[in-house]
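Architecture and fold: a report
For reference, the chains in residue letters:
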Amino acid sequence: MSWILMALVTVLIGIEAATSSMAQITSCETGLYSREVPDPVVCGSSIRSYFGSPVVPVLTVPVGVCLIPVVEPGHGVAWMSTVVLFALSSVGLMSAFSPTPRVVDLYGFFWPAVLAAVAVTGITHWRHLRRLNAPHRSPQPG
């Protein structure tokens, strides 16, 4: 259930990322315009309007990653999904320092999902270990 909620949160983050302005992934808000973002009009346009339809498949990747533990439950799978979300977010963050805006810059928006995935996976794993280590009680005769 928690990974389904993670997928829904990731969808919301993706919508926020796509509707954010180009200023979120470029330096244009400081007045540093480039060939790709030459003026305030382009700087203020949404990321979706700048990149067009390639935004959609890029933003579905983190959602798909969150759905993998739903389809294939297991602690290892959940941790692997968390690591993949971390890697995607890292790619987005590193890409944001490039002078040319790229659609993978959108992955930098998903850091809140990474933190939530660590919390969900960690708490689930902790609860599982606690359950395994709980003393087993025999039924009382009587």
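The following paragraphs examine the structure supplied in this document. (Residues numbered from 1 in each chain as written. Predicted model: local features only at pLDDT ≥ 70, side-chain atom pairs only at ≥ 80, totals over all residues. Heavy atoms only, no water.)

**Examining the packing of aromatic side chains**
- Tallied over the full model, the rule gives two aromatic pairs.
- Here tyrosine 50 and phenylalanine 51 contribute two aromatic rings whose centre-to-centre distance is 4.9 Å and whose plane-to-plane angle is 90°, an arrangement assigned as edge-to-face.
- Using a relative accessible area of 28% as the deciding quantity, one classes tyrosine 50 as partly exposed.
- With a centroid separation of 5.3 Å and an interplanar angle of 80°, the aromatic rings of phenylalanine 86 and tryptophan 111 are classed as edge-to-face. Of this pair, phenylalanine 86 sits in helix α5 (residues 75–95) while tryptophan 111 sits in helix α6 (residues 111–133), and the two are 25 residues apart along the sequence.
- Its relative accessible area of 44% is what places phenylalanine 86 among the partly exposed residues.
- Residue class for tryptophan 111 comes out partly exposed when judged on its relative accessible area of 24%. (Phe/Tyr/Trp six-rings, centres within 6.5 Å; stacked < 30°, edge-to-face > 60°. Buried < 20%, exposed > 50% of the residue type's maximum accessible area, 1.4 Å probe, protein only. Helix = DSSP H or I, 4+ residues; strand = E, 2+ residues; numbered from the N terminus.)

**Points about α5**
- With 21 residues, α5 should cover 30 Å at 1.5 Å per step; its first-to-last C-alpha distance of 30 Å lies within 8% of that length.
- Buried residues of α5: Ala78, Ser81, Thr82, Leu85, Leu88, Ser89, Ser90, Gly92 and Ser95, and no others. (Expected span 1.5 Å × (residues − 1).)

**A short note on a nonpolar patch on the surface**
- A contiguous nonpolar patch, built from Met1, Ile4, Leu5, Leu8, Leu67, Val70 and Val71 and spanning about 690 Å² of accessible area, is present on the exposed surface.
- The set of elements that each furnish at least two residues to the nonpolar patch consists of α1 (2–19) and α4 (55–71).
- Take leucine 5: it is sitting in helix α1.
- Judged by relative accessible area, leucine 5 falls into the partly exposed class, the value being 46%. (Patch = residues over 30% accessible without salt bridge, like charges linked within 9 Å, V, L, I, M, F, W, Y side chains within 5 Å. Areas by Shrake-Rupley, 256 points an atom, 1.4 Å probe, with all protein chains shown as cover. Salt bridge = Lys/Arg side-chain N within 4 Å of Asp/Glu carboxyl O.)

**Some points on the pattern of salt bridges**
- What the rule picks out here adds up to one salt bridge.
- The salt bridge involving arginine 35 is made with glutamate 36; its shortest N-O contact spans 3.7 Å.

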